[in-house]
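Residue strings, one per chain:
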Amino acid sequence: MAMDFGSAAIYAAILLNVLWAIWIGALQVSRIRQSRHAEKAIDSVGSGYWVLDASGRFVDVNAAYCRMVGYTRKQILAMHIADFEAVATREGIRKQIERILQKGQERFETRHKRSNGEWVDLEVTVTAVGKHQVIVYLRDISERKKAAIEINQLALYDPLTALPNRRLLQDRLQQALRNATRSKHHGALLFIDLDHFKTLNDTQGHAKGDDLLRQVAQRLVSCVREGDTVARFGGDEFVMVLVRLSPDATEAAAEVRSIGEKILIQLGQGFRLGDLDHTTTASMGISLFSNQAVSIEDVLRQADLAMYKSKAAGRNGLRFFDPGMQVAIEARMALETDLRNALLSQQLVLHYQPQADRHRRIVGAEALVRWQHPRLGLVMPTQFIPLAEESGIILQLGQWVLEAACLQLVQWATQARTSALVLAVNVSVRQLQQPDFVEQVLDVLRRTGANPGKLKLELTESILVSNVEDVIAKMSALKAVGVSFSLDDFGTGYSSLAYLSRLPIDQLKIDRTFVANIVASANAVSICVAVISLARSLNLNVVAEGVETEEQFQLLACVHQCDYVQGYLIGHPLPADGLQAMLD
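Calculation criteria
Residues numbered from 1 in each chain as written. Predicted model: local features only at pLDDT ≥ 70, side-chain atom pairs only at ≥ 80, totals over all residues. Heavy atoms only, no water. Helix = DSSP H or I, 4+ residues; strand = E, 2+ residues; numbered from the N terminus. Expected span 1.5 Å × (residues − 1). Buried < 20%, exposed > 50% of the residue type's maximum accessible area, 1.4 Å probe, protein only. Arc of directions from axis to C-beta. Polar contact = N/O pair within 3.5 Å; in protein donor to acceptor, adjacent residues only side chain to side chain. Pairing = 2+ DSSP bridges. Axes fitted to C-alpha atoms, helices over the stretch in contact; angles between N-to-C directions. Contact = heavy atoms within 4.5 Å. pLDDT = per-residue confidence, 0-100.

Caption draft 1: Molecular detail of helix 19 (residues 522-537). Over its 16 residues, helix 19 extends 22 Å from the first C-alpha to the last, a length consistent with the 22 Å expected when each residue adds 1.5 Å. Taken residue by residue, helix 19 has Ala524, Cys528, Val531, Ile532 and Ala535 as its buried positions. Each buried residue of helix 19 lies within a common arc of 95° when the element is viewed along its axis, so the set occupies one face. Facing away from the buried side of helix 19, by more than 90 degrees, are the exposed residues Ala522, Asn523 and Ser537. Regarding helix 19, its N-cap is Ser521, as a side-chain oxygen of that residue lies 3.3 Å from the backbone nitrogen of Asn523 further along. Looking one or two places after helix 19, you find Asn539, whose phi comes out positive at around 60°.

Caption draft 2: A look at the sheet that holds strand 4 (residues 119-129). Ordered in space as 2-1-5-4-3, the five strands form an open sheet in which the pairing is antiparallel. Looking along the sheet, the strands with just one partner apiece sit at the ends: strand 2 (58-61) and strand 3 (105-113). Between one strand and the next, the sheet's axes are offset by a mean angle of 25°, whatever the strand orientation. With nine bridges joining them, strand 3 and strand 4 adopt antiparallel strand pairing. If you follow Glu106 over to strand 4, its bridge partner there is Val126. Together, strand 1 (48-53), strand 3, strand 4 and strand 5 (133-140) form the strand contacts of helix 4 (residues 90-103), whose direction differs from that of strand 3 by roughly 155°. On top of the sheet, helix 5 (residues 142-156) reaches strand 3, strand 4 and strand 5; it is set at about 130° to strand 4, its chief contact.

Caption draft 3: Looking closely at unusual backbone geometry. Look at Arg244: it is not a glycine, yet its phi comes out positive at around 50°. Along the polypeptide, Arg244 turns up in strand 8 (residues 237-245). The exposed category is assigned to Arg244, whose relative accessible area is 55%. Backbone geometry places Arg315, a non-glycine residue, at a positive phi of 70°.

Caption draft 4: Looking closely at the confidence of the model for the chain. Summary statistics for the chain give a mean pLDDT of 87 and a share of 90% for residues scoring 70 or more. Contacts for the low-pLDDT stretch residues 37-45, under 50 throughout, to residues beyond four places or in other chains number 13 contacts.

Caption draft 5: Up close: the pairing of strand 2. Direction of pairing for strand 1 relative to strand 2: antiparallel, over a ladder of three bridges. For Trp50, the partnering residue across the bridge sits in strand 2 and is Val61. Connecting strand 1 to the next strand, strand 2, in antiparallel fashion are four residues, including Gly56 with a positive phi near 100°.

Here's what the structure looks like:
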């Protein structure tokens, strides 16, 4: 029977498809045979080999890879490639294999985890085999990686101290300059040179000198924060780069000085160099920077020049490059020294600003410390209280104020006109944070014989920032013996009605910023009225500070029934005899 043309075409197409499938199968077999031969060759030279399916499961693995990772062939065949990978996930591997199956081949580097938890660095070549499998060839490049790290270490780090060398320092400093420009924070470069290092080398030998340099490096690193850099510049010279200092230049300089002084103390504690006890000092120059207008070379030169000024001034010290900054820092340090001496030399005095009720009767006063400086004259609290807070002198200063105030209460108690006066004493957050704060107050009351019921401690809202439960416990302990509490500057800081309802306070003080605008601003009136109303609801009394005009007094005391007022209208801060004269 004759076959028509259409049927012949169909049979021809079928025949071609069969032949194509046979050819593809033969090619696949050939590739697999070649890969097996390649596997044997690869295994003989210690390189890894496996076959993965499209999901990342092992189909085959050679002995060399088993040795690389420390697992048996049976264990590996039961695992997924993601079990070895340092970063890749199963889904990520599936997508990677899918990509390789489409494009045919891919090369990359990765890390696999050994059975003992260590990592092996691998160079990987992946080739697609058919539509569902890939052949993977691996080479252990751990030694090459290690060598690269060692080369990098030699290029960027000092071999003696393991600190960054001059080359890496320049990179870090350039980055610090960029960051200072972007963040608006200051940075600083400290140039540190060991004093008389050459003498040690010449008399004791270079081994002792090297030992000292290593120990100095360790101490310098212990003095800085994360993100800062300590580098060996050369010989006995070290450089520090400090970042993210305060945006304010004066505050940044104070931060740097604190770190610099810590370094000088650390380096001055003595070193053990084998059988030799050695003491050294260092001279330090400091350059502040805040933008990229200054170059790396300029910053290094400025700090270097400042370091030589330090050496010229007698060594074992630090100097700032900026002459103006140097003067300001020295003035600040001199003031701090003078303040410490003031506590010992009876230069501090208390002045008393009267507080009056709505009928202008004086019912108490606030104790305000003044410093009678022998050279500068009367120094106001705004000039030295922040310094006392930062330096920690506030603890001794606060103790002195409390004791002087209690002694004044004792004196007032002997006179009819002053015996009823209540005296308010400011207490800093740092004082209140002292574990024995309650005992300190009780001890002063016992020693002076002051009536606790006439003592009022003024606290600012910053006490609510942390550890409120501790604050409440301390206040309650003092409240139990009769001491009262006033919350100062109310509404300007960390007010919380939840905490306010729990604090054992007796009084709220309306801040002077609200009082100053009460005549001209409806908002200021609303705030003052709200504070008075809130105090009433909590059974607290209210004192408005900063009252300077009759209009302010009338609005607060007469119209809105504020309990007490304080300010220049009632009286300026006066010595004790001046306040006495007001009452006579």
